[in-house]
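# A look at the structure
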Amino acid sequence: MTIATSTQVVLASRPTGRPTVDNFRIEQAALPATPPNGVLLRVLYLSLDPYMRGRMDARKSYAPAVEIDQKMTGEAVAEVVESRHPDYRVGELVLAPTGWCDYAVIDATGLRKVDPALSSPSARLGVLGMPGFTAYSGLMLIGQPKAGDTVVVAAASGPVGSLVGQLAQMAGARAIGIAGGADKCRYVKDELGFDAAIDHRAPDMADQLAAACPGGIDVYFENVGGKIWQAVLPLLNRFARVPVCGLIAQYSGADENVDDRLSVTMRQILTKSLLVRGFINYEFADEHYPEFLRVISDGIRAGRILHKEDVVEGLEKAPEAFLGMLEGKNFGKVVVRVATA
Ligand SMILES: NC(=O)c1ccc[n+]([C@@H]2O[C@H](COP(=O)([O-])OP(=O)(O)OC[C@H]3O[C@@H](n4cnc5c(N)ncnc54)[C@H](OP(=O)(O)O)[C@@H]3O)[C@@H](O)[C@H]2O)c1
């Protein structure tokens, strides 16, 4: 099949502080011919993830920034439309770094196949994909929850936080979730079964957190930073573990109401012998990805692990949905349905 052009979302300008839809532009781009070992892909589901906010800035990070006028980076579940690689057949589904677009030509070396028998394809972007693996590796390898521990996680209704809490409970720990608004808190407590859920918008959030953790906090899975880290810090027990996964509250600038002096944090780290470990999920992938897929898909099949998706219809809605996610308007893992299988 010949597809000559792709619709894509590019970075039109760099944001100062909070991004807006004007930082993006939707345009048509010519597709190259499929090279040897390459595939032409039709995007079915595009993943929207908080890390993409960092790619919009020019500052140095663990991955390069998106250049102005270049396609936004991102992962998708896509269907092979044309293949010049011996391992991929037309009609197969793959996980691929297509970026924000409807069609892409890429080198197929090292792509992961998506088995529709294992899960719904879009789950490979959430609970059974990068966010799920982030929760699994960060909690199990760094947080190491034990029976009787208290584990706290924010963004608790999202793909990372919701799995962190459920895995903590499977390890016999108490799971305390922090989320934005009554609906998300109800979902976290009543549907996911966390022991407590606290609304971070409540003016007495720090007091509520202290009341929900009478024996202190043994594992704080850091998803958010800002005022939640400030509320957690004095509650950490000796030898508490803090997998530092993400700081979404700080991605578009600091909150001036938050006392984020490093010295306060560092004194707590020293006097409580805290183990604080930042991580990017892929550093664990070679050793632990297959075991993650097995454990979590078994859990989903057995009904022990629940997950929620927030499906947005149409590539042109991607910028607005992405900005909404940064502010918590999403409820569950955000995927954009670009096409139907
Ligand atoms: N280290 C890694 O390898 C890695 C990989 C994946 C993700 N991450 C990080 O993990 C975190 C969660 O990612 P996710 O994909 O599961 O996202 P998500 O939960 O689907 O979406 C982000 C959520 O963050 C919450 N949030 C935004 N601003 C906030 C604020 N100021 N205070 C408190 N909560 C706020 C919102 O939920 P509420 O409405 O509940 O506030 C929003 O829905 C992010 O920080 C992300 O960057 C790291």
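In case you missed it, the structure is sitting above this.
The paragraphs below set out a description of the structure included in this document.

Each value, and the rule that gives it
- Residues numbered from 1 in each chain as written.
- Predicted model: local features only at pLDDT ≥ 70, side-chain atom pairs only at ≥ 80, totals over all residues.
- Heavy atoms only, no water.
- Buried < 20%, exposed > 50% of the residue type's maximum accessible area, 1.4 Å probe, protein only.
- Helix = DSSP H or I, 4+ residues; strand = E, 2+ residues; numbered from the N terminus.
- Contact = heavy atoms within 4.5 Å.
- Expected span 1.5 Å × (residues − 1).
- Polar contact = N/O pair within 3.5 Å; in protein donor to acceptor, adjacent residues only side chain to side chain.
- Salt bridge = Lys/Arg side-chain N within 4 Å of Asp/Glu carboxyl O.
- Core = buried A, V, L, I, M, F, W, Y, C linked by side-chain atoms within 4.5 Å.

## Points about helix H9 (residues 318-326)
- Taking burial as the measure, the 9 residues of H9 include 8 buried ones, the bulk of the element.
- Close packing links the buried residues of H9 with strand E1 (5-11), strand E2 (24-30), strand E3 (38-47), helix H1 (51-55), strand E14 (309-313) and strand E15 (333-337).
- Count one or two residues on from H9 and you reach Gly 328, which has phi positive near 85 degrees.

## Focus: helix H3 (residues 159-170)
- With 12 residues, H3 should cover 16 Å at 1.5 Å per step; its first-to-last C-alpha distance of 17 Å lies within 8% of that length.
- Within H3, 10 of the 12 residues are buried, leaving the element largely enclosed by the surrounding structure.
- Among all positions in H3, only Pro 159, Val 160, Gly 161, Ser 162, Leu 163, Val 164, Gly 165, Gln 166, Leu 167 and Ala 168 are buried.
- Turning to H3, the residues buried within the fold contact helix H2 (130-143), strand E8 (150-154), strand E9 (174-179), strand E11 (217-221), helix H8 (285-301) and E15.
- Phi turns positive, to about 90 degrees, at Gly 172, one or two residues after H3.

## Side note on the environment of Glu 313
- Summarising the element assignment, Glu 313 is placed in strand E14.
- Separated by 26 residues in sequence, Glu 313 and Ala 339 place their C-alpha atoms 8.7 Å apart.
- Side-chain polar atoms of Glu 313 contact the side chain of Arg 337, separated by 2.8 Å.

## Some thoughts on the pattern of salt bridges
- One pass over the full model with this rule turns up 17 salt bridges.
- Salt-bridge contacts for Asp 149 lead to Arg 241; the nearest nitrogen and oxygen are separated by 2.9 Å. Highlighted residues: Asp 149 in the loop between H2 and E8 and Arg 241 in strand E12 (residues 236-244), separated in sequence by 92 residues.
- Owing to a relative accessible area of 7%, Asp 149 belongs among the buried residues under this scheme.
- Each of Arg 18, Glu 327 and Lys 329 takes part in one network of salt bridges that share partners.

## Quick look at the nonpolar core
- By size, the foremost hydrophobic cluster in this structure holds 35 residues, and its most contacted members are Leu 46, Leu 48, Trp 100 and Phe 322.
- Looking at this core, the elements with two or more residues in it are E1, E3, strand E4 (76-83), strand E5 (93-96), strand E6 (103-107), H9 and E15.
- Per-element accounting of this core gives the leading share, 6 residues, to H9.
- Those residues within four positions of Phe 322 in sequence are excluded, and the remaining contacts are Phe 24, Leu 48, Asp 49, Met 52, Arg 53, Met 56 and Trp 100.
- Counting 32 residues, the second largest nonpolar core, distinct from the first, contains Ala 135, Leu 163, Leu 192 and Ile 305.

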